[in-house]
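Here is what each chain is made of, one letter per residue.
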Amino acid sequence: MPTEYVPDGSTEADEHSRQSITANTRPTERVPTAVPDDETPAAWCPHCARPFATERLCALHLGDRHRDEWTANQRDRYESAYDDESNELFIFHLKVISALVGVFFAFTYTYAFVWS
Amino acid sequence: MVTDRPVRPEGTRYLICVVLWLCSVWLFVGSAVAATGSVDLSSEPAPVPRWLVVSTGGGVIGASFLITSFVTDRETIRSVTAPQWSVPAWLLSPPVGSAIRLSSVVVLGVVVGGTVGTSSAISAFALLLVWSGWWAGYTMSVYLVGNTWPTLNPWRTIASVIAGWVSVDRSLPNWLDVWPSVGGLLGLVWLTMVTPLRTSPRLLAVVTVAYSLFTVAGGVVYGAPWFRHVDPISRLFRAYGRVAPFRRTSSGLTLTVPGSELTEGEARGEPTFIIAVLWVTTYDGLVSTPLWRELVETIGAVGVPVAMVYALGMGGGFGAFLLAYRTGTQHARRIGRTYITAQTIELRFARSLLPIAASYHFAHYLGSVLGVVALLTGILSQLFGGPIPVPSRPSWFGHAQLLSILCGHLLAVWVAHTTAFDLFTGRFQSIRSQYPFILMMIAYTMIGMWIVLHPSAQPPFVL
């Protein structure tokens, strides 16, 4: 990673690394990947050749990173994968809500017993 | 620019989510306030048993993760840490910088001169300046305001002046990696534990002079990279400075949302160093607990030197922390079903631990900083003919300690969430891959709160 030095030469400016979180898409970025020996990737990204463990992750990746270059077919795949994921997330969030309620009542009762 | 897939207006469902979300925030803030509000850490027995406060701490971290799991829109997550503002650059004008550099060298001279001097009042002042002023107070300014150490560092100033006369421009060998800085950090903190470095001015002078010679020599030979990668103190401040809102950039000063720099990572062993920072902060608190005292006495009775026990504890604890973090990364990779390399995940999540380390530093040293402030106001009031106030701990002391720990952890949870959504694909993978990190944070909160809740005793010294 290149290091920038400010003109006076002694006070360093840290490499300003906020680009990734502020940029909307990073189609050119290559995230280092490694596939375990006993696994075969289910899909590769047609744009950046990144391997994925499931078809759905690959479709979602297209929407995350390659919106400017995708085809109509790839867009359809992304949208259906997104909807599937939304349904799964809804179930997950129901579980999260019940966990929150459970944790809250557990603490409420414990405090009630301790304080009484 | 299209954002995430536009979600069809499912008004009712989202209304329910928002209402439930607000309720849970309210309930948890309520229970956290109830827990912290009823605990007085100073001396009186706590009305809430320790195990319950500790598990409430863990519960709050877990609950805050569950609540953040509702925020799944990447644009929203990005927008939280995106804002940044430039600060007028006149603050950084060269004369100001040179004046600060010169005065920091003078302060170093005063400290060394004061500690080797014969006057006990001056050497007591030098000790106070180093331990309460610099090690406690200045470090707080680094993570609360910004990393000013590259300018203030007197050794760096001296080294750059000498490097102007004799030019030895060597590049830092790569095989050194992160280990000199990690070893230096663990070694320095170990030295403060096993020797009376905090109370003996002579010893402090010896260590300061030795450190100065070593650091200036390194700075002259290797230049700025020495202070970036090898010098443990500079590297510690650089790590803490990542939490702070003010940041030096090549165009001047920038004000950002605290934590916005924490979602990235830097190569050259940054995760290992951050784990070392986290461990020394914990160990610093651990050695003043009664449990540690008993342990040292038991092992000491067998005939093992106490310094050795401290060294084993230092090395062993660091190894355990590093192993736990590496194992957590492997699990995150497996649970999230991602092919992103373990090193990348390790690198990107490491900085989320920094707010936690900073918050424990704050809780641990708040007392000594408040003591110095009370002392200074006492001296000032005496100068103006007023009475000398009796220093006492304010009533909000215990609450401020617990609150700082809570804030540090909540920031860490949010940083991990942002990092996961930046690094992983989709929403579900981003949430699932955070499980190991959140579990580690819960475990760490409970350990840390357990340490803070113990009445701090003088750690058993060797000499």
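Everything numeric in this text was worked out from a predicted model, so none of it was measured.

Participant: How would you summarise the overall build of chain B if you had to cite specific residues and measurements?
Facilitator: Scanning chain B for helices and strands turns up 19 helices and three strands. Going through the 463 residues of chain B one by one, you find that 53% of them count as buried. Looking at chain B alone, contacts between residues at least 24 apart form 82% of all its contacts between residues at least 6 apart. Only carbon and sulfur atoms are counted for the fraction: they give 73% of the accessible area of chain B, which is about 20,200 Å².

Participant: Summarise the overall build of chain A; cite the residues concerned and give the values.
Facilitator: A tally of helices and strands in chain A yields three helices and four strands. If you list the helices and strands of chain A from N to C, you get β-β-α-β-β-α-α. Going through the 116 residues of chain A one by one, you find that 43% of them count as buried. The contacts in chain A between residues at least 6 apart in sequence include a share of 22% that link residues at least 24 apart. When the accessible surface of chain A is totalled, it reaches about 6,300 Å², and 57% of it is carbon and sulfur.

Participant: Before we move on, could you go through the packing of helix 3 (residues 74-81) of chain B against helix 17 (residues 397-423) of chain B and cite the residues and values that matter?
Facilitator: Residue and element names in this part refer to chain B. Orientation of helix 3 relative to helix 17, taken along the N-to-C sense of each, is 130°, at an axis distance of 10 Å. Classified by the angle their axes make, helix 3 and helix 17 are oblique. The element helix 3 and its partner helix 17 pack so that their crossing is left-handed. Contacts between helix 3 and helix 17 pair Arg 74, Ile 77, Val 80 and Thr 81 from the former with Trp 414, His 417, Thr 418 and Phe 421 from the latter. In the contact of helix 3 with helix 17, the residues fall into four nonpolar, three polar and one charged.

Participant: So what's going on with the pairing of strand 3 (residues 252-256) of chain B? Residues and values would help.
Facilitator: Residues and elements named next belong to chain B. Buried residues dominate strand 3, accounting for four of its five residues. With four bridges joining them, strand 2 (residues 246-249) and strand 3 adopt antiparallel strand pairing. What sits directly across from Phe 246, in strand 3, is Leu 255. Taken together, strand 2 and the strand that follows it, strand 3, pair antiparallel across an intervening segment of two residues.

Participant: How would you sum up helix 7 (residues 154-165) of chain B? Please name residues and give values.
Facilitator: Residues and elements named next belong to chain B. Between its terminal C-alpha atoms helix 7 stretches 17 Å, which fits the 16 Å expected from 12 residues at 1.5 Å a residue. Residues Pro 154, Trp 155, Arg 156, Thr 157 and Ala 159 constitute the buried set of helix 7. Where helix 7 begins, the capping side chain belongs to Asn 153, and its oxygen is found 3.1 Å from the backbone nitrogen of Trp 155.

Participant: Quick one: what's the story with the confidence of the model for chain B, residue by residue and with numbers?
Facilitator: Residues and elements named next belong to chain B. For chain B, mean pLDDT is 82; residues scoring 70 or higher make up 85% of the total. Predicted confidence is poor over residues 6-12, with pLDDT under 50, and the contacts of this stretch with residues over four places away or in other chains come to three contacts. Taken together, the stretch residues 38-46 has pLDDT below 50 and engages in 13 contacts with residues farther than four places along the chain or on a different chain.

Participant: How would you summarise the packing of aromatic side chains if you had to cite specific residues and measurements?
Facilitator: Residue and element names in this part refer to chain B. The full count for this structure, using the stated rule, is 27 aromatic pairs over all chains. Here Tyr 283 and Trp 292 contribute two aromatic rings whose centre-to-centre distance is 5.5 Å and whose plane-to-plane angle is 85°, an arrangement assigned as edge-to-face. Trp 292 carries the same exposure label as Tyr 283, and that label is buried. Cluster of aromatic residues (ring-pair linked, three or more members): Trp 131, Trp 134, Trp 135, Tyr 138, Trp 149, Trp 155, Tyr 211 and Phe 237. For the cation-ring pair, Arg 235 lies above Phe 273, with the distance from its terminal atom to the ring centre recorded as 5.1 Å.

Participant: With reference to specific residues and values, describe the packing of helix 15 (residues 342-350) of chain B against helix 17 of chain B.
Facilitator: Between two packed helices, both the angle of their axes relative to each other and the distance between the axes serve to describe the pair. Residue and element names in this part refer to chain B. Two elements in contact, helix 15 and helix 17, have axes whose closest approach is 9 Å; the angle formed by their N-to-C orientations is 145°. The handedness of the crossing between helix 15 and helix 17 comes out as right-handed. Contacts between helix 15 and helix 17 involve Thr 344, Ile 345, Arg 348 and Phe 349 from the first element and Ala 416, Thr 419, Ala 420, Asp 422 and Leu 423 from the second. Of the residues belonging to the contact of helix 15 with helix 17, the class tally is five nonpolar, two polar and two charged.

Participant: I'd like a description of the sheet that holds strand 1 (residues 84-87) of chain B, backed by residues and values.
Facilitator: Residue and element names in this part refer to chain B. One open sheet holds the three strands; their spatial order is 1-3-2, and the pairing between them is antiparallel. Looking along the sheet, the strands with just one partner apiece sit at the ends: strand 1 and strand 2. Averaged over all adjacent pairs, the angle separating strand axes in this sheet is 35°, with direction ignored. Bridge count between strand 1 and strand 3: four bridges; the pairing is antiparallel. If you follow Ser 86 over to strand 3, its bridge partner there is Thr 254.

Participant: I'd like a rundown of the pattern of salt bridges, residues and numbers included.
Facilitator: Where charged atoms from two side chains of opposite charge approach closely, those side chains can pair. Residue and element names in this part refer to chain B. One pass over the structure, following the stated rule, counts 14 salt bridges over all chains. Linking Glu 297 and Arg 293 is a salt bridge whose minimum nitrogen-to-oxygen distance equals 3.9 Å. Of the two residues, Glu 297 and Arg 293 both sit in helix 13 (residues 290-302), four residues apart, roughly one turn of that helix.

Participant: Any chance you could break down the confidence of the model for chain A for me, citing the residues and the numbers?
Facilitator: Residue and element names in this part refer to chain A. Looking at chain A, pLDDT values average 76 and 75% of them are 70 or higher. Model confidence for chain A, summarised as mean pLDDT per element, is weakest for strand 1 (residues 4-5) at 37 and strongest for helix 3 (residues 72-115) at 91. Counting interchain partners and residues more than four positions distant, the pLDDT-below-50 stretch residues 1-27 has 75 contacts.

Participant: I'd like to hear about the nonpolar core, residue by residue, with values.
Facilitator: All names here are of chain B. Ranked by size, the top nonpolar core spans 120 residues in total, and within it Tyr 283 and Phe 349 carry the most contacts. Here the element with the most residues in this core is helix 17; it accounts for 12 residues. Residues within four places of Phe 349 in sequence aside, it is in contact with Tyr 325, Ala 416, Thr 419, Ala 420, Leu 423, Phe 424 and Phe 437.

Participant: Before we move on, can you summarise a nonpolar patch on the surface with the specific residues and values?
Facilitator: Residue and element names in this part refer to chain B. Judged by side-chain polarity, Leu 375, Leu 376, Ile 379, Leu 380, Leu 383 and Phe 384 come together as a nonpolar surface patch covering roughly 670 Å² of accessible area. By the element assignment, Leu 380 lies in helix 16 (residues 354-383). Leu 380 sits in the partly exposed class, given a relative accessible area of 47%.

Participant: Got a sec to walk through helix 3 of chain B? Specific residues and values, please.
Facilitator: Taken together, the buried positions of helix 3 of chain B are occupied by B:Arg74, B:Ile77, B:Arg78 and B:Thr81. The buried residues of helix 3 of chain B all sit within an arc of 95° when viewed along its axis, so they share a single face.

Procedures and definitions
Counting restarts for each chain, with residues numbered from 1 along the sequence as it is written. Ligands are numbered from 1 and chains lettered from A, in the order in which they are written. Per-residue local features are limited, in this predicted model, to residues with pLDDT of at least 70; the limit for side-chain atom pairs, both in listing and counting, is 80 or more; totals at the level of whole chains, interfaces and linings are taken over all residues. Computation of side-chain values covers all heavy atoms of the structure but excludes hydrogens and water. Labels follow the DSSP assignment, with helices taken as runs of H or I lasting at least four residues and strands as runs of E lasting at least two, numbered in each case from the N terminus. Remark: exposure states derive from per-residue accessible area (1.4 Å probe, protein chains only) relative to the maximum for the residue type, with buried under 20%, exposed over 50%, and partly exposed in between. Should any heavy atoms of two residues lie within 4.5 Å, those residues are considered in contact. For every accessible area listed, the method is Shrake-Rupley and the probe measures 1.4 Å; residues are considered covered only by the protein chains on display. Helix axes use the C-alpha atoms of the stretch in contact, all axes being lines fitted to C-alpha atoms, and the angles between their N-to-C directions lie in the range 0 to 180 degrees. For classification purposes, angles smaller than 35 degrees are called roughly parallel, those larger than 145 roughly antiparallel, those between 65 and 115 roughly perpendicular, and all remaining angles oblique. Note: crossing handedness is left-handed where the near helix turns anticlockwise from the far helix by less than a right angle, and right-handed where it turns clockwise. Think of it as three bins: nonpolar holds Ala, Val, Leu, Ile, Met, Phe, Trp, Tyr, Cys and Pro, charged holds Asp, Glu, Lys and Arg, and polar takes everything else, Gly as well. For two strands to pair, DSSP has to find at least two bridges joining them. One fewer than the residue count of a helix, multiplied by 1.5 Å, yields its expected span. Whenever two N or O atoms come within 3.5 Å, that pair is a polar contact, provided that in protein one can donate a hydrogen and the other can accept it, and provided that, for residues adjacent in sequence, both atoms are side-chain atoms. The predictor's confidence in any single residue is recorded as pLDDT, a number from 0 to 100. By convention, a stacked pair of Phe, Tyr or Trp rings (six-membered ring in the case of Trp) has centres within 6.5 Å and planes under 30 degrees apart, an edge-to-face pair has planes over 60 apart, and any other such pair is tilted. Comment: the charge-over-ring label is applied if NZ (Lys) or CZ (Arg) is within 6 Å of the ring centre and within 35 degrees of the ring normal. Criterion for a salt bridge: a side-chain nitrogen of Lys or Arg within 4 Å of a carboxyl oxygen of Asp or Glu. As used in this record, nonpolar core signifies buried Ala, Val, Leu, Ile, Met, Phe, Trp, Tyr and Cys residues forming a set joined through side-chain atoms within 4.5 Å. Each patch groups residues whose relative accessible area exceeds 30% and which form no salt bridge, using 9 Å between like charges and 5 Å between nonpolar side chains of Val, Leu, Ile, Met, Phe, Trp and Tyr. Directions drawn from the helix axis to the C-beta atoms are what define this arc.

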